[in-house]
Amino acid sequence: MLYKDHVLVIADCHTPFEHPGYLDFCLSIQQRVKCGTIVHIGDMVDNHAMSFHHDLDPNGLSPKEEIEESLKHLKSWYKAFPNVKLCLGNHDRRVDLKAKHVGLPDRVFMPFRNIWELPDGWVDDFSWEIDGVRYIHGTGLSGATAHIVAAQQTRQSTVIGHTHSVGATQYLVSEKDRIFGMNVGCGIDRHSYAFAYGRDFTKKPVLGCGVVTDKGKYCQFFPMAL
């Protein structure tokens, strides 16, 4: 039996460059905690071939090839999790940003959900609120305390992703309330060429996912075994 007030939070998976064991890991945590609500915290896709910020690998996939490969991977996610609330991340928006960069108006854009063939059970927006907890990707936030900053800024319990090298929870208590911030890490394959920029970093990605239970009262980060 799954409980609607138990929320599984899938971290940044950056398809088609997600860790090959990440989907099964998320499924195992869903069953372990009996999560009936699923949130994807964003950066569902990587869009490396449309990056503004990193040098493209000349041996990598073309934009068309990367989209096609991503769709192959996403079909497994759609089957495993038929109903998902997706928070749009900065990588998810690279297609739109690239088009705007070259001067194309919104009228000529294909909608996000059409590009990625989102099933009817998947809904996308920039943020979601469930049982008083805010779920956002975390674009614009950085550092080891980004999840706490997010909670302070939103003035409510908040879950983020975005910062790959952090998987953590922290509670804040005042005279009036108790809130938490949680960063759910990521689900990437750090050995992929899409993440070559981080190979010399001392901090490595923290693979895992998050769970929020008891109508938004408690949170827990589950690290994935290396």
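Each value, and the rule that gives it
Residues numbered from 1 in each chain as written. Predicted model: local features only at pLDDT ≥ 70, side-chain atom pairs only at ≥ 80, totals over all residues. Heavy atoms only, no water. Helix = DSSP H or I, 4+ residues; strand = E, 2+ residues; numbered from the N terminus. Buried < 20%, exposed > 50% of the residue type's maximum accessible area, 1.4 Å probe, protein only. Pairing = 2+ DSSP bridges. Axes fitted to C-alpha atoms, helices over the stretch in contact; angles between N-to-C directions. Contact = heavy atoms within 4.5 Å.

Chemist: Honestly, the environment of Asp200 in this entry has me stumped. Any pointers?
Modeler: Considering the arrangement of structural elements, one finds Asp200 in the loop between strand 9 (178–184) and strand 10 (208–213). Relative accessible area serves as the criterion here: at 75%, Asp200 is assigned to the exposed category. Linking Asp200 and Arg94, residues 106 residues apart in sequence, is a C-alpha distance of 25 Å.

Chemist: Teacher, can you tell me more about the sheet that holds strand 8 (residues 167–173) here?
Modeler: Strand pairing within a sheet occurs via backbone hydrogen bonds; the two strands may be parallel or antiparallel. As summarised here, the arrangement of the five strands in space is 5-6-7-9-8, forming an open sheet in which the pairing is mixed. Because the sheet does not close on itself, it has two edges, and the strands there are strand 5 (127–130) and strand 8. Averaged over all pairs of adjacent strands, the angle between their axes in this sheet comes to 15 degrees, without regard to strand direction. Direction of pairing for strand 5 relative to strand 6 (residues 133–136): antiparallel, over a ladder of four bridges. Bridging across to strand 6, Trp128 finds its partner in Tyr135. Packing against the sheet, helix 5 (residues 146–154) makes contact with strand 6, strand 7 (158–160), strand 8 and strand 9, and its axis sits at approximately 140 degrees to strand 9.

Chemist: Honestly, unusual backbone geometry in this entry has me stumped. Any pointers?
Modeler: Glycine aside, residues mostly have negative phi, and peptide bonds are mostly found in the trans state. For the bond running from Thr15 to Pro16, omega is 10 degrees, close enough to zero to count as cis. As for its placement among the helices and strands, Pro16 is situated in the loop between strand 1 (3–10) and helix 1 (22–33). A positive phi angle, near 50 degrees, is found at His14, a position not held by glycine. Summarising the element assignment, His14 is placed in the loop between strand 1 and helix 1. In this structure His14 comes out as buried when scored by relative accessible area, which is 1%. Its identity as a non-glycine residue notwithstanding, Lys34 has a phi of 60 degrees, on the positive side. Position of Lys34 among the secondary structure elements: in the loop between helix 1 and strand 2 (35–40).

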